[in-house]
Each structure stands twice: as structure tokens, then as C-alpha cells.
Number of protein chains: 6
Amino acid sequence: MFRHTDYMQFDVKPEKPDPVYARKLQELLGGAFGEMTVTMQYLMQGWNCRMKGKYKDLIMDIATEEIGHVEMIATMVARLLEGAPVTDSTANALGDPVVAAVLGGSDPTQAVFSGGGPRLADSNGVPWNAGYIVHSGNLLADFHANVTAEAQGRVQTARLWHMTDDPGVKDMLRFNLARDTYHQNLWLKAIEELKADGLEGTIAPDDLFDEEFSEHASTLWHLSDGADSDKGGWASGPTPDGKHEFKFLADPQPLGDRQSGPPPDPKLYATYDGAMGTPQKPKFGTEKGVMGKIKDVVDPDPTG
Amino acid sequence: MFRHTDYMQFDVKPEKPDPVYARKLQELLGGAFGEMTVTMQYLMQGWNCRMKGKYKDLIMDIATEEIGHVEMIATMVARLLEGAPVTDSTANALGDPVVAAVLGGSDPTQAVFSGGGPRLADSNGVPWNAGYIVHSGNLLADFHANVTAEAQGRVQTARLWHMTDDPGVKDMLRFNLARDTYHQNLWLKAIEELKADGLEGTIAPDDLFDEEFSEHASTLWHLSDGADSDKGGWASGPTPDGKHEFKFLADPQPLGDRQSGPPPDPKLYATYDGAMGTPQKPKFGTEKGVMGKIKDVVDPDPTG
Amino acid sequence: MFRHTDYMQFDVKPEKPDPVYARKLQELLGGAFGEMTVTMQYLMQGWNCRMKGKYKDLIMDIATEEIGHVEMIATMVARLLEGAPVTDSTANALGDPVVAAVLGGSDPTQAVFSGGGPRLADSNGVPWNAGYIVHSGNLLADFHANVTAEAQGRVQTARLWHMTDDPGVKDMLRFNLARDTYHQNLWLKAIEELKADGLEGTIAPDDLFDEEFSEHASTLWHLSDGADSDKGGWASGPTPDGKHEFKFLADPQPLGDRQSGPPPDPKLYATYDGAMGTPQKPKFGTEKGVMGKIKDVVDPDPTG
Amino acid sequence: MFRHTDYMQFDVKPEKPDPVYARKLQELLGGAFGEMTVTMQYLMQGWNCRMKGKYKDLIMDIATEEIGHVEMIATMVARLLEGAPVTDSTANALGDPVVAAVLGGSDPTQAVFSGGGPRLADSNGVPWNAGYIVHSGNLLADFHANVTAEAQGRVQTARLWHMTDDPGVKDMLRFNLARDTYHQNLWLKAIEELKADGLEGTIAPDDLFDEEFSEHASTLWHLSDGADSDKGGWASGPTPDGKHEFKFLADPQPLGDRQSGPPPDPKLYATYDGAMGTPQKPKFGTEKGVMGKIKDVVDPDPTG
Amino acid sequence: MFRHTDYMQFDVKPEKPDPVYARKLQELLGGAFGEMTVTMQYLMQGWNCRMKGKYKDLIMDIATEEIGHVEMIATMVARLLEGAPVTDSTANALGDPVVAAVLGGSDPTQAVFSGGGPRLADSNGVPWNAGYIVHSGNLLADFHANVTAEAQGRVQTARLWHMTDDPGVKDMLRFNLARDTYHQNLWLKAIEELKADGLEGTIAPDDLFDEEFSEHASTLWHLSDGADSDKGGWASGPTPDGKHEFKFLADPQPLGDRQSGPPPDPKLYATYDGAMGTPQKPKFGTEKGVMGKIKDVVDPDPTG
Amino acid sequence: MFRHTDYMQFDVKPEKPDPVYARKLQELLGGAFGEMTVTMQYLMQGWNCRMKGKYKDLIMDIATEEIGHVEMIATMVARLLEGAPVTDSTANALGDPVVAAVLGGSDPTQAVFSGGGPRLADSNGVPWNAGYIVHSGNLLADFHANVTAEAQGRVQTARLWHMTDDPGVKDMLRFNLARDTYHQNLWLKAIEELKADGLEGTIAPDDLFDEEFSEHASTLWHLSDGADSDKGGWASGPTPDGKHEFKFLADPQPLGDRQSGPPPDPKLYATYDGAMGTPQKPKFGTEKGVMGKIKDVVDPDPTG
């Protein structure tokens, strides 16, 4: 259960409205790496966590913080839109090229849909969707996703930092940059701790190494003709997980069979010359369980 | 420019068709962390790379490999669908609960749309979209995204490993698991190398640390009431970037002003009682450049 | 800013897992009228509100409650998935038609993507997106949207009520049904209060009535041939806003001109026989503002 | 079955083209509350209606009208695009800031994709999708959705009204505003009539009130710290449905158990320390029906 | 403007309900090549047509017919869902494997969202979106799209034909198949007529042939290693447009420069070693128009 | 399996950067008919092809070529963005209307998300999705889709041709135009060859003509009131498939029954007055197969 206070985590006080910047800032609200993404990624990870204790509690602390960041960016967008000349007619706007430029750089739905406020969308007006988030339950894989989200988020924030001179906006971004720095450190530390606690290793998931074809677990297939891909540390020497030696395969050849589709069901009307014969049937699991036993008795020929 | 050989990177030879598994395997083809995602993520990163040499060449090697993985999974899905009982009428299907179960576990569009073949979609039939990928040009942030994609991909592959007994399918997955292990090691190594080469640091991007509010760059805000979030290594001690000391803020208070929208433009019909007055106008950049100079001469009162 | 407690708003205690129901329940989590929709609809409305006081405070109270409902449904889905037979191979599953039916009725991404947990998606696995929500700033229009969301949500909850016998699930739904009843009453009351406070009328927005063509503001155009559309209260008598008399137009005729596209730009290659001549140019707003004044001086012929 | 006349429901005659406004007007065509949404919402509701007679006939009358509104807006967008300077090169466009501003405020796909015509998309170019509509079959819930669509639609139309001076465009909007007023009155009246006819009550659906926990059907949980949410009519007094008394819960406490995920399936590789034990199995419905009877005989131990 | 009659274009009378088939049939309603797609593709093409007369009138005839097909399929889906056992609890359903199989093959949103009716979505529940349609204004390109839609639609209908034994459903499909046959013939004929009327040629658009590099307008680049791509009629002989000779390029070599990104803006934090220098500035169109003239006078150094 | 060379298929050398054009060109990269669409459409068609030999080899040749076109457009977009003034603050930008116009015509995500590079999205920033492609396995239907894609693609390329003066950009487009011409000829020829080889006829699929209602396979239903739809070659004379005579139905009447939904399940709460009685149950396929036999013995009354 959540509680809310009207006071924000940090000041959101633009010195003056700037409707062009209000559009750009949408990227931090509803873009792929905006605050909405980290909010829902962390909430779903926290709720999906299968251990009580420090990891789950940590995730929920940060998730709860991030909802407050959505609040901050949404508020900043609204305040930057104060008094925007969006209800000018085109004729009026084009009479003044400065106003015209403002309109050209604005998101029309901020006016028409939201009444001068933010959308839950990116800087092109594409609505946020849950395809942006991940919560696999494997904390190693998920914490890498969290480092990524914070790193991409800080890169985007830094880019937006250079697109404004407004001291109030820059103050808020100073806070956001710092939190993104902290959160990167945090998730990197949490990855270390997962290993120290013996819960995960270097590679996610920490299993099936005996099953995988180990000869394919260390080799760079040189499939593009750039001359330098063997110049990096990934072409020789030990791998970060300490289990393999990096190798470079300069002229890789296909190891597999020839690509083709199977013979088609004629009732599906794939174009077919019959050269591959007729399809085999799938062999279902009728050999096991109560159904198999009954079928053996009642209907011995399952293809009949 | 690309070239293609009909022979696949590795064998794709299911022992027998299995249309139920064919649906599940779609997740590795067109899901958020399937082969299509890594293909386009790496291609766009490679093309967007701003340095010639080992990093760009590496990315293009792996990107080119991944298109071949899309090919392998697409082929496996088609072969698993050979002879699927999809053109049975419902009456026929429900007469045999094994066939009925096959239909219930199948993706109808694999038959109706693709004629017994794969879709470029996830295991629920949601089409792949480019919102899944990232290519920021910042290689540190992007390589973290790549570790994430390979880690999530291997977790999903391992889960699917347990959902089949087919030795041919398992052989292909043995190869995929190995490549996912290798690629995790690879991108982790490349992150190390970026730092060793002095191109990036620990935190992305490696700048604006003097600008950000450093007092907010190291503190865990305890906003959820779980008792253990201060039990981890992230609550005290040095941060991974070596620049801060982790701190724990047990009872954080809001530092910001009170949340509110600005006074609205009456022509936008937001509900308003007038208590906050009328909106101020944005102050545009008319003070600089040729337009400002001209306006000063021709029309000294810009608010007129 | 938000705070979170690990204890949920209400008990989420299924008596036993039920993976088939876990898929259906996704509709209340990430469907168009699930808890995620009301959460973000209300949060965005609250942040976008242009008046301090009771309306804004009310919206934020309910919005904060709804995040807790997302938490409840997400937790219920996870608990219903406990021990689901998702890692059975097809062969094993089809050996037992009960297990086969479970798999056919399951969402594969709950296993492969989330590791046995919820997705932020609907019951078909379509990710939640922000196109489901509205926050216009006009509280009358928005509160109608809120009544709708709660009404549709309660209808869906009632349907799902009949799809389970589990007493623990039914207990949680008893709570959800009650909250949906209450919230419908709440937003209906808030609509009354908006009018009582003189902030809005019956029709949104409460303006431009003098501008609109009043003769078209009350007439039912009978364009489908059902015999009974004039049998309702909407065919005669006063309108709910008290400003019009309902009328019925039994045989409506088009009042407009003939539909056609304008003559095309030849460089856009629309197929065209030239019969409508060449396109006129748009007339931009050059008559006003500093640019117009300058252009008049420097370049008197704007079409040159 | 439908018939079409080339003459439109109302005149669509812009005095002059205005490509910047043509982009904004897309919101009324393919936006979340544009004419496409009401068209398909009403058509699907009408076809899904379970009663012959006045309600179904009414819905089909209005649905059929709305297709004609899609036609009007699509035509207006095309006519506003006549002669737009979209095939100017950038160099030419930037030589004249008025043309440059037009391009900046234009949707490039109106030229490149549609050849100077409308898209079935919103004002940011996001394609219309069916996630915007609802048709539950519960007419009370659906008519509330219809009031919402008309209210939001009229709000957006009113906003767009102020963004043009063109007398022809304004004339068409005068018609649209009037229809939106009428349709709001209409659906409000239809809600009254549903109740008068005894088909629905105030709350949707009109059932399960005995099942829901009535103590939770009337209480405002004060979860945000704004001071005024108890100042409204929703904090005390009778509810609109006449069945409850509004109450205010000033300091709500969680009533539920502690949030957690269940123990995971080890084959799904969620990170887990084993502290919650191993998962229980779901208990399927084997106790009933023919399968249960057969299993009891053939395979008495279902867990074997 | 449109009119509607309650009587459908053809009988929609299933002999008995079949909820499993009701899900599959959704593909013809809201799938990429379902009736909704052709409806909106043809309506938008018709409204976007730039010539009065036979082509426009034809498109509007067919478009109007197709809305009636959406009506037919939507009605068939609803009727197939009559009495579906969707409100059974899982325990009840799994007690009877036939009911269980029905649920596994059903779309849960048809019950929970639509109350036992169709969605405007495909057979996996993915909502229809306007990205499926095209209306370029170039009738040759658009009529090819129409042939495609009817061909793909008839293929899907034929596949679905084999999935039912219901004589009533088959009767409706007999009608749909016939219309798809007719419409394919129709659009093929219309393509012939465009050429006969001298409006379009074989290639869309019928222009810029002198500008394009004609040496690249006829050659098959053999980039995949299949041995037979030169065995077809496309490897030699005249092209269908009569303007070229097909050629086969057995060992194509890249003709272009080396792929690379340009030097980055340092404020965007792309990883960069500086080796490619600093970015050049774009050269805007300042040489032309009133702005250029003014700038020359006021601010002779535009880079200052 | 694929290989890549860093050298591109053709030169990609803009004379100078042009960030406004870089946005427009996105349509050819990630739009519905951009290079990404043909790449994945052809790859999926090739992998899904059910015959070895010339058709499959041809498709793979062209598919492999198209990946190289994605590479070319992505590179061109990046190079056009060199030195774009995207990191100017709004104040600076609006001081110079030329810079302001550039920003208004730019895609903000090209800077904030991609660091000055392309997105895999259209010119409005809508991400590419796999709903744009088709691969039915029926080569006749698919080759029509391919003609369509190349025709629409060439139309869009021709439109973009007129929007730039840059000789380097125009050179690349000269190549693209030529390839689009060639590919249209190619797929048209391949359609002829399918027929010559006896694999497909004129109508897709080449079956069920005896089943379809032939009286409905040739008639134009005149449902819109344009006077000229019977003036085309499609109103009389032989059809392209040589099997029918075109006919014109001037005043078509509905042939079907009255549209209505079936009686609803009361537990789904559709509004219902009971007039149509209670729903019949679906009749499942229990009459056939092993289950039917068993049920007859164990539980002779299936409705019990």
C-alpha cells in the first residue's frame, strides 16, 4: 500500500515557461528510458521477488522513489507549458516567426489532449507501453537491466541538460543526474552482492553450463569484414566468468543444415510443388499418463 | 552490405514436430529479448558507432551473427509446426482431447496468417516492435544494454530448455545457451576495455559530476517500510565508481515544493477557479540573434 | 513523493494456486480497464489539476489507493502461478489432459518472461499502454471518464467473480467489487459537486454554446433503419442540460457539399487527370507581426 | 449493410488551405477521442447489443452518423493541405522562415505516406488503434463511456476552435460542437432511461452487492496528505445510488497480509534462497467429471 | 454520409455455437488482412482520391460494402460465442477435458471485456491498428495494395474454411470467398484500366526514370548462395514494363563507401576517440529569401 | 547464416548535413513501407518458403540486398544529422529563426535517444513493428504484397526526391529509385512465372471455386451514389481470371438476416430484457474419438 505527500522529492521550479523544452522533456517522462519505465520495472521486480529481505526491500525503496520522479517530470512539463501560445491561430503564429517556431517545436496533444499538460508519452507523442520493462525474477539479469535503465536515463538527462539555460530546470536536472549516478552505483553494487551472497554467478542463469556446447561458449565468429575485431581483449585471454578462454574464429563456416521449411499442409495453401513429400505428423505425448493408458485399450491405432 | 548462405550457423533438426512448443519458442524469435531484438539492437549500434576500429568491428560481427539466429529460430518454429492438426474442425479436435489441447496451446496466426510458419511476434502473438531496442551511441550505456539482453535471453532459453524433451531441439538450445554465455562474457569484457582505453568510466556518461548535486549522489532514500534495505553493501562503504560513500537515509523528507499545475489558458477549458491568477507568458529567446536585433528596431514592444 | 508499506490494502490469499485463472486475472492488471489504467489516469489527472483544494486532494487520494490495487492483483497473479506445471515438456503435458488444458489456458510469457509471475499486460499478453488513459484538465470530462473506468472495471470484476470457486480469491474480489461500487458513487457525486460549485455545467466544456449551430444540438438523425430509435426519451422532451428540446429527424438528408480531395501537388504523384486544375497555395499569416512588416519593406511580392 | 452518398452531412469548406492546422486537426480524426473512436465504439456496441429495440436502434443511428464525421474530418484535412509547400527542399524552406515554420508544424507522413492527405492517426502521427474503444455489452457502463467520449471530444473540438480564424473551418466546427453537445445530452438521457426501464441501476453491474464487503463500499481512504479531500460532498451524506453513506477514513491502515511472491519453480531460475520452501502444486479440478472418474479407476495416485 | 439497414449483406447463421472457432474467426475481423483493414483502406483511399468519376465511385462502392462485412464477421463471432462455458471456474472446467479444451482455445477478453462478443482485434487479441492500411493517393500503388489485401484475405478465409464443419458458417464463408475472388479480379482490372486510360504505367510512380541510375534498374544481385535464382524468367529477357532487360549479377561487389557515423556532438555523449575530427555544421538555406537578405545586412557573419 | 562487409551497396555521401531532411528520411527506414519492412517481409517469406529452388533463392537474394538498404538509409540519416544544432537551448534557438525552424522540423529522439543518429522508426518517431509485414507461404499472395511494398516505396522515395537539393542525397535516391523500379518488375515477372509453372493461378488461393457462391463472384454492388462506378471495365466483360463475367448491381438489397447478438450469459452482465430467451449451449465434438467412446460408457448423459 502506498501513501503520498503533495510535497515533491525535490524542487520543480522553472524560472520561466518554455513550451519547446516541454516537448523534449517528455522523453524523460514517457520514453523508453524515462521515469515511468524505471517505476514500473522496479515495482514489478519488487512484487515478483522470491525472497524476503534486503534485495526485495531495496527494490521497493527505489521503486517508490521513482514514482516521485514521474511526479516531478510531469509537474515540470506542465509548468513549462504555462502560457504557451498554443491557442493562436496559424495566421497569428506565422506572423511572428518566434511564435511559429514554438508551435513547430511543440507537441499538439499537450494542448488538445491534456489542456496544457504532460502526456504519458515520449517526446514524439508515442504513448508509453509496458514492452519497455523487464522483471524476470532472476535478479542478476534484472539488475543488469536496472544498470542499463539508469545509464541510458543519465545519458538522456545529460543531453537534455545542454538544451536549456533555465536555472530552475537545471537545478532539477542536477538532482536527477545525481540520482542516476547513485542508482548506477547501487545496482552495480547489488550485482556484486548477489555474487558475494552465493545467489548468482557472473552469467545468468548460473546453470546448464554442463549442458551447453562449451566449444561454442567462447569464440568470436568474425562475420563482418572490419579488420579490428580481434584487437580487443575479447579475442583472447580469460573470460570475466573465469570459466573460458576467449578465442577468435577468423573464417567461420556454417555448422548447420540447409535452411528450409517443412512440407506444408495442403489445406493451408502454401505454394508447393510436392518435391518434399507430405508432412509427418507431430508425435504427441500419448505414451504417458492416464490418457495414454486408456487410448491403448480403447483405440489402439491413434492415427486411425 | 550483406551476403547469405543457405546453410545455417548450427543444426536445426527437431526429432519430431511439436506445435505446442512452436508457440512457446516464438518468445525467442519476436519477444522483447528474442533474437530479433539483439539483431536490430546491435545493427543500429554498429551503424551508429562514432569510432572506426575494434568496437565497431566487434559490434558488427555479433550483429551479423544474430541475424543468423533469427533464421535458426524461425526455421525451428516452422519445422515444429510440420503436420500440426490446425485444419481440424473444432468438432474433430474436441473429439480427441490430445488434439484439443494442442489447439488450445497453439497460436492461431501461425496457421491462418503464416500458413504453418513463424510470426515475427512473441509467444502471445504480439508483433515485434522497435521500442525493444536501444542504441544511444554511448557505448558504456549500450554495452550494459547488451549484457542485459544476453542475460535475459539466456534466462528465457534456459526456461524453454526445460519445456522440451526433443533431442534435436535441445541440441540447438545447447548452442544458443553457449552463445548467450559467450556474449555475456563478451560485453562484460568490452565494458572493462572501454574503461581501460580511457573512453568511458564506471558511470554513463562520464561527465557533469561537478554539476550534479553530489549530496544526492550516494544516498538510499528509505521510502518503503521493509526492514532490511540497509543490510546490503549499498548502504555504506565506497561506491563502485570510487567517488562516493554509500549512505542510508532512514526517514527521508520531501525537499521540494508543493506539486501543482500552473494557471491554465482559459481557451483550453481546464477546470479552474481562478485562484492562482492568470498564466505568465513564456519568455522566448528574442534577446539574441538577428531577429532580436530587428525586432528591437521595428517593434520595440514584443508583448504588443 | 510516495511512501510504501509492504502490507497490502487487503488480503491476497488464494486457497490454492490456479494458473488458468492467473491468466484471466491479468485483465484487471494490465487490461484497458485494469488497475494500471486507473492508477495512471488518476495520477496524471491529479498532477494536471489546476486548482488546489478538495478536487485535487480527492484525486490524489484515490490515485494513491489504486497503485496499491496494482500491487494486490500483481501479487494474486504470482500466487496463483505457484507450482504451475509450465516446465513440463509437451510430451509430458499431453499425457495428462488436465495438465494439457492448464497449458492451453496459460500465458506462456508468465513463465518464460516473468519466471512465474505477472506481466503488465492484459489477459492475451498485450502490454499495457498509455493510450488507455485520459487527463484533459477538464474535470467534468475527466470525472465522466473515471465513472466509466470504475463501471467497466466492476463489470469485468463481476465477470471474473463467476470464474473461480477459490474462497481466497473471492474474498479479494469482494473487496475490489466494493471499492468499484464506492468509486462509481464517488465520481458521480463529484460531478454533482462540480456543478454545485459553479465550476462546470452539464455539458463539457461549458462554453461556445452561442457559437455552435443550435439547430443541430438536439436532433437525432435517423440513419439506420431500426424502427424503434424514436421510442426513447431522447426523441422528444427536454434535454438533461435544460437548454434544448430533443427532436427526431426521420429522414435526414445531407447538408454538405460533395466529398472530394483537392487538386494534388504533382510532385507527390497522386493519380490525377487534371480536371480540378492546379492547387491554390495556402495563405499564411504574413499580414501581421514583425516579419510581415519587414517583408513588406524588403520583399514586397511574397510569391516571388 | 451500409449505403453511402457522396454528399457530406455538413459543409466542409475551408476558406484557404492551412497545413499547420491540418496536422492539429488529425487529433479529431485518429486520436483517442476522435471520430474514428466513436464510430467503432458505437458500431461494436450496436452489433454487440443483446436486445432488439430502441437502445440498439439508437446506437446504430449514432454510429452511422459518426462514420460520416470521419469522412468530414478526413476531407477537411485534405483540403487544408492543398498546395502545402511540402516538396520544397530544406534549403528553400529555411530561406523563408514562414515556410520553415509551416514545415516544422507539419506531419511529414501527410505528404510522404498519403500524398497530401490525412492519416488515420493522431496529431503526432500515432496510428489509431482499437485499444481506444469499449463495448462491454453492459449498456450502463457503455453509455458512461459514450458520455465520456463526447465530452472529451467536445473539449478537444473547443480547443481546436480557438486555433483557427478560418470561417469555413469554424463553420464545420460549429456543427461538430453542436453534435457533441447533443450527443452528451443523448447518452445522459439514455442512462436515465435504462434506470427508468428497470434494466440497470446506478452502479454497473447491478448485482453482487450482497457479496461485496459493504463496509468497504463507502469509505474514502485518505492516502495523500492534501488537507481538503474531506471538504467535498463525497466525504459524508448519502451516495448517489441511495444505498450507502459516504465516510472518510482519515488515517487508513493496511488490512492485508505482507506482499511477497510464492516460492519459485527452480527450473525458471528466479533468484531464490530457499527460505520459503518449495512450491505447492495447484489443485486442479480432477474431482469432478468423467476424467476424474476414469482417473480414479486407472491411476488412483494423481501425483505419481 | 452513410445509411445503415439492420439486414445484413448475407446470412450469418451458424448451426450451433463454437467458441473455439469464434477466436480463430477474429483474424478476419481485426487481423492485418481482416475486414476492418479493407474497410478503412478503401474509405481512406476513396476520400483521398483526387479525381471525380469512375475510380473514386468504384472505391466508395467497395468500401461501403466492406463495412457491411465487418458487421457480418462481428455478428458471426457473437453468435458462435452463445452459451460458451466461459463462466465456469477452472475447477469445473478441468473436470471435463472437453470444456477445458474449449477454454484453452478461447480468447478470455471476448468474455471479460466484451461480455461474450467480438473484439476489434486479431485471433491473438492484438487490437487492430491503422498501421495496417495504405492510401497513398497513387492509385496504381494503392490498387496493388488492394489486390494484396483481397488475396491475403481469401487465403486466410480458405484456411478458416477447413477449420469448421458448421454448414451455416461455411455458407457465410462461401459468400466471403466469392467476394474475395471478385475483388481480386476487380482491382486487377482497375490496374489495367489505369494504364489504358493513360493515368499510370506499369511502375509506380510513372516518373523519374530519367533520373534513376538505369544500370541499376534491371539487375538481380546474387547475394544469397542458392544455386537457382538465375533459373527464373527474371534473370534475362524483357521486363514487364517493356523498358529494360533483366540481368543477373552473379558476384556482386559493394559500390559504396565505407559505412560509418559522422563525428558526434560532444554534448550528446556518444563514445568517441576524436579520430574523425569535429563535426561540420549543416548549411542551411540562408542564401535565399527575405531572411537571407536581412541577415546579410544586419549580421554579415552567420557563424558568429 | 549471413556475412557483412563494411562497404555499402552504394555511396551514401550527402554534400552537407541537413537535420530537417534527416527526419523525413526516417520514413524510408522505419515507416510502413521503408527498408526495414521489405527486409523482414522477404526474410520471413524466404525462410517460410516450402519449395527449394528458384523462388526461394530469388527471395533470399532480394531479402539480403534489403538489409543493405536499411544500412544505407540508417547511415544517411546519421550523416545528415552531423553538427545539428540540437543542443542549443530554446532561448538560443529562438534567437535565430533558421535554427528554430530546424528544431521544429527535427525529431527530438534522434538527439536524446540516439545521440545524433537514426531511430528504427518512421518520420513521426513511431517505432517500426512487425504488423507491417506479411509472409503467408502462398507465393502469389505474397508476391502481390511485394509489388505493393516496392510500388509504395518508390512513390515515397519519389516524393522525398523533391524535398532535397543535395546532390549526394539525390545520387543515393537515384540508386534507390532504380532498385524499386527493378523490384517492381521482378515481382510482377515472378507472378507471371508462378502461373507459367502451374503453381498458382490468377486468384489466390487457386481452390474452393466450386465451393464459393459463384453468383457473388462477379458483381459490383453499387452501395455509394457516385454516378460513374459502372463506367469502368469492371462493370462488364470478362474478368482477368477468365472465369467470370463482370456484372453491375445498380440497386443491391441485403440478402441476409437481421443483425443481432445472441441471448447473453447472465453472469456476464450484458444488459438484457430476456426477450430472446436463454442461450443454447455449444455442441462440442464429443461424438467422435476416444473421449466420446469413454464418456458414452462412463457418463452417458453429457449435460448432467
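In the nomenclature of an unreviewed UniProt entry, chain A corresponds to Manganese catalase family protein from the organism Gordonia amicalis. Note on chain A: under the UniProt heading Sequence similarities (unreviewed entry), the record states "Belongs to the manganese catalase family."

Caption draft 1: Representation of the overall build of chain A within the structure. Of the regular secondary structure elements, chain A holds nine helices and three strands. Its helices and strands in sequence order give chain A the pattern β-α-α-α-α-α-α-α-α-β-β-α, from N to C terminus. Over its C-alpha trace chain A gives a radius of gyration of 28 Å, far above what one expects of a compact globule, namely 19 Å for 304 residues. Among the 304 residues that make up chain A, the fraction classed as buried is 72%. The contacts of chain A with a sequence gap of at least 6 include a subset with a gap of at least 24, amounting to 68%.

Caption draft 2: Representation of the interface of chain A and chain F within the structure. The interface is formed by 44 residues belonging to chain A together with 43 residues belonging to chain F. Looking at the side of chain A that touches chain F, the elements that each hand over two or more residues are helix 1 (19–30), helix 5 (97–104), helix 7 (139–161) and helix 9 (289–298) of chain A. At five residues, helix 1 of chain A tops the list of elements feeding residues into the side of chain A that touches chain F. For the side of chain A that touches chain F, the per-class residue count stands at 19 nonpolar, 14 polar and eleven charged.

Caption draft 3: Highlighting the UniProt feature "binding site: Mn(2+) 2" (unreviewed entry) in chain A. On the UniProt side, "binding site: Mn(2+) 2" (unreviewed entry) is annotated at positions that read E66 of chain A here. With respect to the element layout, E66 of chain A can be found in helix 3 (residues 54–80).

Caption draft 4: Fine view of the UniProt feature "binding site: Ca(2+)" (unreviewed entry) in chain A. The feature "binding site: Ca(2+)" (unreviewed entry), as given by UniProt, occupies D57, D61, S224 and G226 of chain A in the numbering adopted here. Spatially, the listed residues are scattered: they cover 170 residues, and their C-alpha atoms lie as much as 46.6 Å apart. Mapped onto the elements, S224 of chain A comes out in the loop between strand 2 (219–221) and strand 3 (247–249). Along the chain, G226 of chain A turns up in the loop between strand 2 and strand 3. If we skip the residues at most four places from it in the chain, G226 of chain A touches K56, D57 and M60 of chain B together with D6 of chain F.

Caption draft 5: Inspection of the relation of the copies chain B and chain A at higher detail. When chain B is fitted to chain A, the best match, at an RMSD of 0.0 Å, comes from turning it 180° and sliding it 0.0 Å along the axis. What the rotation and shift describe, once combined, is the action of a two-fold rotation axis.

Caption draft 6: Representation of the packing of helix 7 (residues 139–161) of chain D against helix 8 (residues 167–196) of chain D. All names here are of chain D. Closest axis-to-axis distance for the helix 7/helix 8 pair is 9 Å, and the angle between their directions is 160°. Between helix 7 and helix 8, the angle is such that the two are roughly antiparallel. At the point where helix 7 passes helix 8, the crossing takes the left-handed sense. Here the contact of helix 7 with helix 8 is built from residues that sort into 15 nonpolar, seven polar and four charged.

Caption draft 7: View of helix 5 of chain A. The buried count for helix 5 of chain A comes to eight of eight residues, which makes it a mostly enclosed element. Those residues of helix 5 of chain A that sit buried are P97, V98, V99, A100, A101, V102, L103 and G104 of chain A.

Caption draft 8: Quick look at the domain arrangement of chain A. Under the domain assignment, chain A is made up of domain 1 (19–196), domain 2 (214–249) and domain 3 (266–298). Its C-alpha centre places domain 1 of chain A at a distance of 51 Å from the equivalent point of domain 3 of chain A.

Caption draft 9: Expanded view of the relation of the copies chain A and chain F. Expressed as a screw transformation, the operator carrying chain A onto chain F has a rotation angle of 120° and an axial translation of 0.0 Å, and the superposed copies differ by an RMSD of 0.0 Å. As the rotation angle and translation indicate, the two copies are arranged about a three-fold axis. Residue G104 of chain A, judged by its C-alpha, is the member of chain A lying nearest the rotation axis, at 2.5 Å.

Caption draft 10: Broad picture of the interface of chain B and chain A. On the chain A side, the residues contacting the 124 residues of chain B number 124 residues. Mapped by element, the contributors of at least two residues to the side of chain B that touches chain A are helix 3 (54–80), helix 5 (97–104), helix 7 (139–161), helix 8 (167–196) and strand 2 (219–221) of chain B. A total of 15 residues in the side of chain B that touches chain A trace back to one element, the largest contributor, which is helix 8 of chain B. Of the residues in the side of chain B that touches chain A, the class split is 56 nonpolar, 37 polar and 31 charged.

Caption draft 11: How the structure looks around the environment of L177 of chain A. Among the structural elements, L177 of chain A can be located in helix 8 (residues 167–196). Residue L177 of chain A is classed as buried on the basis of its C-beta count, with 26 C-beta atoms lying within 10 Å. Other than its neighbours up to four places away in sequence, L177 of chain A contacts R154, T157 and A158 of chain A together with L208, E211 and E212 of chain B.

Caption draft 12: Structural detail: the packing of helix 3 of chain A against helix 8 of chain A. All names here are of chain A. Where helix 3 contacts helix 8, the two axes come as close as 12 Å, and the packing angle between them is 160°. The orientation of helix 3 relative to helix 8 falls into the category roughly antiparallel. As helix 3 runs across helix 8, the sense of the crossing is left-handed. The segment helix 3 lies against helix 8, with L58, I62, M72 and M76 engaging V169, M172, H183 and A190. Tallied by class, the residues present in the contact of helix 3 with helix 8 amount to seven nonpolar, one polar and no charged.

Caption draft 13: View of unusual backbone geometry. Residues and elements named next belong to chain A. A cis amide bond links A204 to the next residue, P205, at an omega of -15°. Position of P205 among the secondary structure elements: in the loop between helix 8 and strand 2. For L208, which is not a glycine, the phi torsion comes out positive at approximately 70°. By the element assignment, L208 lies in the loop between helix 8 and strand 2. L208 sits in the buried class, given 20 other C-beta atoms within 10 Å.

Parameters at a glance
Starting afresh in each chain, residues are numbered from 1 along the sequence in its written order. Think of it this way: whatever chain is written first is A, whatever ligand is written first is 1, and the rest follow in order. Confidence filtering applies because this is a predicted model: local features only for residues at pLDDT of at least 70, side-chain atom pairs given and counted only at 80 or more, and all residues used for totals across whole chains, interfaces and linings. UniProt positions are given in the numbering used here, feature names are shortened, and annotations may be inferred rather than shown by experiment. Here a strand is any run of E in DSSP of at least two residues, a helix any run of H or I of at least four, and the numbering for each starts at the N terminus. In this setup the radius of gyration rests on C-alpha atoms only. A globule is expected at 2.2 Å times the number of residues raised to 0.38. Exposed residues have 12 or fewer other C-beta atoms within 10 Å of their own C-beta, buried residues have 20 or more, and residues in between are partly exposed; the C-beta atoms are placed from the backbone. Residues are scored as being in contact if the C-beta atoms we place from backbone atoms lie within 7 Å. Lys, Arg, Asp and Glu make up the charged group, whereas Ala, Val, Leu, Ile, Met, Phe, Trp, Tyr, Cys and Pro make up the nonpolar group; the residues left over, Gly among them, are polar. Least squares is used to superpose the copies, and the fit set is the C-alpha atoms of residues whose pLDDT is at least 70 in both copies. Angular values range over 0 to 180 degrees, each being the angle between N-to-C directions of two axes fitted as lines to C-alpha atoms, with helices fitted over their stretch in contact. Roughly parallel covers angles under 35 degrees, roughly antiparallel covers those over 145, roughly perpendicular covers 65 to 115, and oblique covers all other angles. In this scheme the handedness of a crossing depends on how the near helix is turned from the far one: anticlockwise by less than a right angle means left-handed, clockwise means right-handed. Where each domain begins and ends follows an automated or database-derived domain assignment.

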